[in-house]
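One-letter residues, chain by chain:
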Amino acid sequence: MTAEALRGPHVPFIDPAAGRAVKAADRRHVFHSWAAQGMLDPLAVAGAEGSYFWDYEGNRYLDFTSGLVFTNIGYQHPVVVAAIQEQAGRLATFAPAFAVEPRSEAARLIAAHTPGDLDKIFFTNGGAEAVENAVRMARVHTGRHKVLSAYRSYHGGTSTAINLTGDPRRWASDNGSAGVVHFWAPFLYRSPFYSRSEEEECARALRHLEDTIAFEGPRTIAAIVLETIPGTAGIMPPPPGYLAGVREICDRNGIVFVLDEVMAGFGRTGAWFAADHYGVVPDLLTFAKGVNSGYVPLGGVAISPEIAETFETLPYPGGLTYSGHPLACAAAVATIRVMEEEKVVERAAHIGETVIGPGLRDLAERHPSIGEVRGLGAFWALELVKDPETREPLVPYNASPSSNAAMAAFGAAAKKHGLWPFINMNRTHVVPACTISEDEAREGLLALDAALEVADGYMY
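Analysis parameters
- Residues numbered from 1 in each chain as written.
- Predicted model: local features only at pLDDT ≥ 70, side-chain atom pairs only at ≥ 80, totals over all residues.
- Heavy atoms only, no water.
- Helix = DSSP H or I, 4+ residues; strand = E, 2+ residues; numbered from the N terminus.
- Rg over C-alpha atoms; globule rule 2.2 N^0.38 Å.
- Buried < 20%, exposed > 50% of the residue type's maximum accessible area, 1.4 Å probe, protein only.
- Contact = heavy atoms within 4.5 Å.
- Areas by Shrake-Rupley, 256 points an atom, 1.4 Å probe, with all protein chains shown as cover.
- Lys, Arg positive; Asp, Glu negative; His and termini not counted.
- Charge placed at Lys NZ, Arg CZ, Asp CG, Glu CD.
- Pairing = 2+ DSSP bridges.
- Expected span 1.5 Å × (residues − 1).
- Axes fitted to C-alpha atoms, helices over the stretch in contact; angles between N-to-C directions.
- Parallel < 35°, antiparallel > 145°, perpendicular 65-115°, else oblique.
- Left-handed = near helix turned anticlockwise from the far one by under 90°.
- 1 Å grid on protein atoms, 1.4 Å probe; cavity = no way out; pocket = protein on both sides within 12 Å on 5 of 7 lines; lining within 4 Å.
- Points joined across faces, edges and corners; volume = space filled by probe spheres on them.
- Nonpolar A, V, L, I, M, F, W, Y, C, P; charged D, E, K, R; others polar.
- Core = buried A, V, L, I, M, F, W, Y, C linked by side-chain atoms within 4.5 Å.

**Student:** Quick question: what am I supposed to make of the overall build of the chain here?
**Tutor:** If you tally the helices and strands in the chain, you get 13 helices and 16 strands. The C-alpha atoms of the chain give a radius of gyration of 22 Å, which matches the 23 Å a tight globule of 460 residues would have. Taking the principal axes of the C-alpha coordinates as reference, the chain spans close to 60 × 60 × 45 Å. Within the chain, the fraction of its 460 residues that count as buried is 55%. Contacts in the chain between residues at least 24 apart in sequence constitute 72% of all its contacts with a sequence separation of at least 6. As presented, the chain carries roughly 19,300 Å² of accessible surface, and 55% of it is formed by carbon and sulfur atoms. Computed over 38 positive and 53 negative side-chain charges, the separation of the two mean positions in the chain equals 4 Å.

**Student:** Just checking my understanding: could you explain the pairing of strand β1 (residues 45–49) for this structure?
**Tutor:** The two faces of a sheet get side chains in turn, since along a regular strand they alternate between them. Direction of pairing for β1 relative to strand β2 (residues 52–55): antiparallel, over a ladder of four bridges. Note on β2: the bridge partner recorded for glutamate 49 is tyrosine 52. Where β1 folds back onto β2 in an antiparallel hairpin, the turn is made up of two residues, including glycine 50, whose phi is positive at roughly 60 degrees.

**Student:** Mind showing me how you'd approach helix α5 (residues 127–142) here?
**Tutor:** Each turn of an α-helix holds 3.6 residues, which means side chains three or four residues apart point in the same direction. Taking 1.5 Å as the rise per residue, α5 with 16 residues should run 22 Å; its terminal C-alpha atoms sit 23 Å apart, in good agreement. Burial in α5 covers these residues: Gly127, Ala128, Ala130, Val131, Glu132, Asn133, Ala134, Val135, Met137 and Ala138. Directly after α5, the chain includes glycine 143, whose backbone phi takes a positive value near 75 degrees.

**Student:** What am I meant to see in the packing of helix α11 (residues 344–366) against helix α13 (residues 438–456) here?
**Tutor:** Put simply, α11 and α13 touch, their axes get as near as 10 Å, and they point 20 degrees apart. By the angle between their axes, α11 is roughly parallel relative to α13. In the crossing of α11 with α13, the sense of the turn from one axis to the other is right-handed. When α11 is examined against α13, the residues His350, Ile351, Thr354, Val355, Ile356, Gly359, Leu360, Leu363 and Arg366 are found in contact with a partner set consisting of Glu438, Ala441, Arg442, Leu445, Leu448, Asp449, Leu452 and Asp456.

**Student:** Sorry, what's going on with the layout of surface pockets here?
**Tutor:** To locate leftover empty space, one rolls a probe as large as a water molecule over the atoms. The calculated volume of the second largest pocket comes to roughly 340 Å³. Take the lining of the second largest pocket: its biggest share by element is four residues, from strand β4 (residues 120–124). Partitioning the lining of the second largest pocket into residue classes produces eight nonpolar, two polar and two charged.

**Student:** What am I meant to see in empty space enclosed by the protein here?
**Tutor:** Across all of its chains, the model carries two cavities of 30 Å³ or more by this definition. As a volume, the largest cavity reaches approximately 160 Å³. If you trace the largest cavity, you find 18 residues lining it, with Ala185, Pro186, Leu226, Glu227 and Pro230 closest to the centre. The set of elements that each furnish at least two residues to the lining of the largest cavity consists of β7 (221–227) and α8 (242–253). A per-element tally of the lining of the largest cavity places β7 first, with three residues. Taken together, the residues that form the lining of the largest cavity break down as 13 nonpolar, three polar and two charged.

**Student:** Whenever I open this one, the sheet that holds strand β3 (residues 60–63) confuses me. Can you help?
**Tutor:** The strand order across the open sheet built from four strands is β1-β2-β3-β14, with neighbouring strands paired in mixed fashion. Strand pairing shows two members of the sheet lacking a second neighbour, β1 and β14 (419–420), which therefore form its edges. Packed onto the sheet, α13 meets β2, β3 and β14 and runs at close to 100 degrees relative to β3.

**Student:** How should I be thinking about the pairing of strand β16 (residues 427–430) in this particular structure?
**Tutor:** On β16, burial covers both faces: Arg427 and His429 on one face and Thr428 and Val430 on the other are all buried. Where strand β12 (residues 379–387) meets β16, four bridges bridge the pair, whose relative direction is antiparallel. Paired with alanine 381 across the strands is histidine 429, a residue of β16. The sheet contact formed by strand β15 (residues 422–424) and β16 spans three bridges and is antiparallel. Bridging from a neighbouring strand, isoleucine 423 pairs with threonine 428 of β16.

**Student:** Help me understand the nonpolar core, please; the structure alone is not making it clear to me.
**Tutor:** If you look at soluble globular proteins, the nonpolar side chains tend to sit buried side by side. The biggest cluster of nonpolar side chains holds 35 residues, and the ones touching the most others in it are Ile110, Phe123, Phe266 and Phe287. For this core, the secondary-structure elements that each account for two or more residues are α3 (78–90), α4 (101–113), β4, β9 (284–287), α10 (326–341) and α11. Among the elements that line this core, the one with the most residues is α10, at 10 residues. Those residues in contact with phenylalanine 123 that sit more than four places away from it in its chain are Arg103, Ala106, Ala107, Ile110, Phe287, Leu298, Gly299, Gly300, Leu320, Ser323, Gly324 and Cys329.

This is a description of form; function is not addressed.
Here you go:
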């Protein structure tokens, strides 16, 4: 089904002139992130609902990106929209030093779902600030300065968070935020350890981490920061035993274990938090995105009792003007209640097990450009390759626009068939709303099937 075919009753109005005006104002005044400004051609979006959005031309797209992997309950959920409206009429904003009902209730509900005893919540405006503050807490708590993080990771665009990041977005700002050290986390498909099984990859990755700690000096290391399941870097679920092994290494060396659940949290993987799949409780857990489906910017850090105790009499050296903003927290309260009442976490697990996972594996049987399928819940990736034997990526790592033709053509084909894809390097991620229906998911898989024919044409 093409985007053209989706014109009609699904789209509330068609107004190309309004769309041109929106786009012209954007190009004249808006400075976009992670982009060469003169090469941008942004779509003017007229509206969105559920798993779809549409433009002013009347073209509707099934969103397999869920924004930037944050609309976990879909666009425009009426319960959350109403909660924001009600809170705006009652108390639109208030300073963070006071106790206000939506902030208290949001913290209580988040703590009710975090793993273990992570019952204290520090609110930020997003995921990068959550990581920044988690690292600051770890450094003050331990009195140490070094922080270890993985290659193939993304932790945000602020100063410390971008230096912790392992992907190329770090390079332009890589001033080595004092004491950041990178290491290789497990990834069997492209193993840096030449492993032949998940067991080998787990054991060798843990040994590599222990060696890194030994050579950096255990008593200099404040924290190890890991995405529980890396998101933008490729959705690589860790092998069984790896996170438990990192937990043990941290305990043995007095290192704070930080899990970044900004993308993987709040139902995305078919559990409230990805850590739940592995039975691991970190010392600090960062979150954002799905906490309120991105309706109002919100993030935070869930804090263990031991670290919270450090700041009982010692003032915490950090804060934000909009920490725990009432509108954002009201949206979080409503989102979490929707997730509980509509069993969104269970729905994500079900759709992954019964439709998306089997559907992607079926596509892999028919499209040689798919090197690997991996994921769970509503959190999946297809690794696209030129040659399945050598596993050479379909486009080079960090490809320039001139060498990215294959993925650009794949993306254009997906959009032509009414699907908005998530593309990063040689991968497409399948990360729709956790509330996507089975029929919608199958519709997206059909569009992917057509787009992958284009990808197949770029193989050797």
